[in-house]
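Now for the letters of each chain:
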Amino acid sequence: KAWNISGGRFARAKRTLAHKCFDEGDFMNCTKHLDDAIHVQPFVTRAWYLKGLAHMHLQEWDFAIAAFQGCINHDDDIAEAWANIGAIYMRRKDYVKALPILEEALRRKRDSWKIMENVMIVQLQMGLLRQCISSMNSLLNIKNKTQCSYYGKELRLLSYNIAQNNATDGENDSNKIRLNEMDK
């Protein structure tokens, strides 16, 4: 009602409706309300962030990335927006794009075990063994915050890749296996 009375100029009303829709799991209407709100007030970073989350729930990855980039354009210190973009690239298995974005997220939120874990997994997928060991060490140093006391699958893969690398003296990357191949 406030939106209609204001002639489509009271963005807070649309953001409130968007939050209500998000909480109820109505992500499509959430994004529509946020589009209206952002059109009127484009500098509200939380609106961009919520829009990105809603698009992630809808599995609309390109729209989610665009929304999180809108969030970052207005406040580049929001580590979670960086991390979500990185997570989308991880989901797409585009590790080359994911790694620098996740590292940017980690620079903004050093104590986040979730971001550190994603950095470590991407490094492992890319075969960046030294960096992966360093990330795993950092992750284990903050393990009291993690839900997983150790990373058995990742350690096995890391050990295997190091052994293969030593056996071939790093000449051939074809012996490297990826994390998703460990499940086979």
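Residues numbered from 1 in each chain as written. Predicted model: local features only at pLDDT ≥ 70, side-chain atom pairs only at ≥ 80, totals over all residues. Heavy atoms only, no water.

Asker: Sorry if this is basic, but what is going on with the overall build of the protein here?
Answerer: Tallying secondary structure elements over the protein gives ten helices and zero strands in all. When the helices and strands of the protein are listed from N to C terminus, the series reads α-α-α-α-α-α-α-α-α-α. In the protein, which comprises 184 residues, the share counted as buried stands at 45%. Restricting to contacts in the protein with at least 6 residues of sequence separation, those with at least 24 account for 46%. Split by element, the accessible area of the protein, about 10600 Å² in all, is 48% carbon and sulfur. (Helix = DSSP H or I, 4+ residues; strand = E, 2+ residues; numbered from the N terminus. Buried < 20%, exposed > 50% of the residue type's maximum accessible area, 1.4 Å probe, protein only. Contact = heavy atoms within 4.5 Å. Areas by Shrake-Rupley, 256 points an atom, 1.4 Å probe, with all protein chains shown as cover.)

Asker: Is there a simple way to think about the nonpolar core in this case?
Answerer: Across soluble globular proteins, nonpolar side chains have a tendency to be buried as a group. Core analysis: the biggest nonpolar cluster contains 49 residues, and Cys-30, Phe-68, Ala-81, Ile-115 and Val-122 have the highest contact counts within it. Those residues within four positions of Cys-30 in sequence are excluded, and the remaining contacts are Ala-18, Cys-21, Phe-22, Leu-50 and Ala-54. (Core = buried A, V, L, I, M, F, W, Y, C linked by side-chain atoms within 4.5 Å.)

Asker: I keep staring at the side chain of His-33 and nothing clicks. Help me out?
Answerer: Residue placement: His-33 occurs in helix α3 (residues 27-40). Apart from residues no more than four positions distant in its own chain, His-33 is found in contact with Lys-14, Leu-17, Ala-18 and Cys-21.

Asker: What is the right way to read helix α4 (residues 45-57) from this model?
Answerer: One full turn of an α-helix is made of 3.6 residues, so residues set three or four places apart face in the same direction. The terminal C-alpha atoms of α4, which comprises 13 residues, lie 19 Å apart, in line with the 18 Å expected from a rise of 1.5 Å per residue. Two residues or fewer after α4 comes Gln-59, characterised by a positive phi angle close to 60 degrees. (Expected span 1.5 Å × (residues − 1).)

Asker: Please explain the environment of Arg-92 as it appears in this structure.
Answerer: Mapping Arg-92 onto the fold places it in the loop between α6 (79-91) and α7 (95-108). Judged by its relative accessible area of 37%, Arg-92 falls in the partly exposed class. Along the chain, Arg-92 and Trp-61 lie 31 residues apart, while their C-alpha atoms are 9.2 Å from each other. For Arg-92, the residues in contact, after removing those within four places along its chain, are Trp-61, Asp-62 and Ile-65.

Asker: Sorry, what's going on with the state of the cysteines here?
Answerer: Cysteine pairs can be linked by a disulfide, which is a covalent bond between their two sulfur atoms. By the definition in use, this model includes zero disulfides. Cys-21 takes part in no disulfide bond, and the closest cysteine sulfur, belonging to Cys-30, lies 6.4 Å away. (Disulfide = S-S within 2.5 Å.)

Asker: What's the story with the packing of α4 against helix α5 (residues 61-74) in this structure? I'm lost.
Answerer: Axes are the key here: two packed helices are described by the angle between their axes and the distance separating the axes. In contact at an axis separation of 8 Å, α4 and α5 are set at 165 degrees when each is read in the N-to-C sense. On the basis of their axis angle, the class for α4 and α5 is roughly antiparallel. For the pair α4 and α5, the sense of crossing is left-handed. On the side of α4, the interface is formed by Thr-45, Trp-48, Tyr-49, Lys-51, Gly-52, Leu-53, His-55 and Met-56, while α5 contributes Trp-61, Phe-63, Ala-64, Ala-66, Ala-67, Phe-68, Gly-70, Cys-71 and His-74. (Axes fitted to C-alpha atoms, helices over the stretch in contact; angles between N-to-C directions. Parallel < 35°, antiparallel > 145°, perpendicular 65-115°, else oblique. Left-handed = near helix turned anticlockwise from the far one by under 90°.)

Asker: Looking at this model, I keep getting lost on α3. Mind explaining?
Answerer: Taking 1.5 Å as the rise per residue, α3 with 14 residues should run 20 Å; its terminal C-alpha atoms sit 20 Å apart, in good agreement. Residues Phe-27, Cys-30, Thr-31, His-33, Leu-34, Ala-37 and Ile-38 constitute the buried set of α3. An end-on view of α3 places all buried positions within 165 degrees of arc, on one side of the element. The secondary structure elements touched by the buried residues of α3 are α2 (11-23) and α4. (Arc of directions from axis to C-beta.)

Asker: What is the right way to read the pattern of salt bridges from this model?
Answerer: Opposite charge on two side chains permits them to pair, given that their charged atoms come into close proximity. Considering all chains together, one arrives at ten salt bridges under this definition. Residue Lys-20 is joined to Glu-24 by a salt bridge in which the shortest nitrogen-to-oxygen separation is 2.8 Å. The network of salt bridges with shared partners includes Asp-76, Asp-77, Glu-104, Arg-107 and Arg-108. (Salt bridge = Lys/Arg side-chain N within 4 Å of Asp/Glu carboxyl O.)

Asker: Looking at this structure, I do not really get the environment of Lys-14. What am I missing?
Answerer: On the secondary structure map, Lys-14 appears in helix α2. Separated by 21 residues in sequence, Lys-14 and Asp-35 have C-alpha atoms that sit 8.8 Å apart. Within the structure, the side chain of Lys-14 is placed 3.1 Å from the side chain of Asp-36, a separation counted as a polar contact. (Polar contact = N/O pair within 3.5 Å; in protein donor to acceptor, adjacent residues only side chain to side chain.)

Asker: Looking at this structure, I do not really get the confidence of the model for the protein. What am I missing?
Answerer: For any part of a model where pLDDT is low, the fine detail of the predicted coordinates should not be relied upon. Considering every residue of the protein, the mean pLDDT works out to 85; 79% of them sit at 70 or more. Within the protein, the lowest mean pLDDT, 61, falls on helix α1 (residues 2-5), and the highest, 98, falls on α6. (pLDDT = per-residue confidence, 0-100.)

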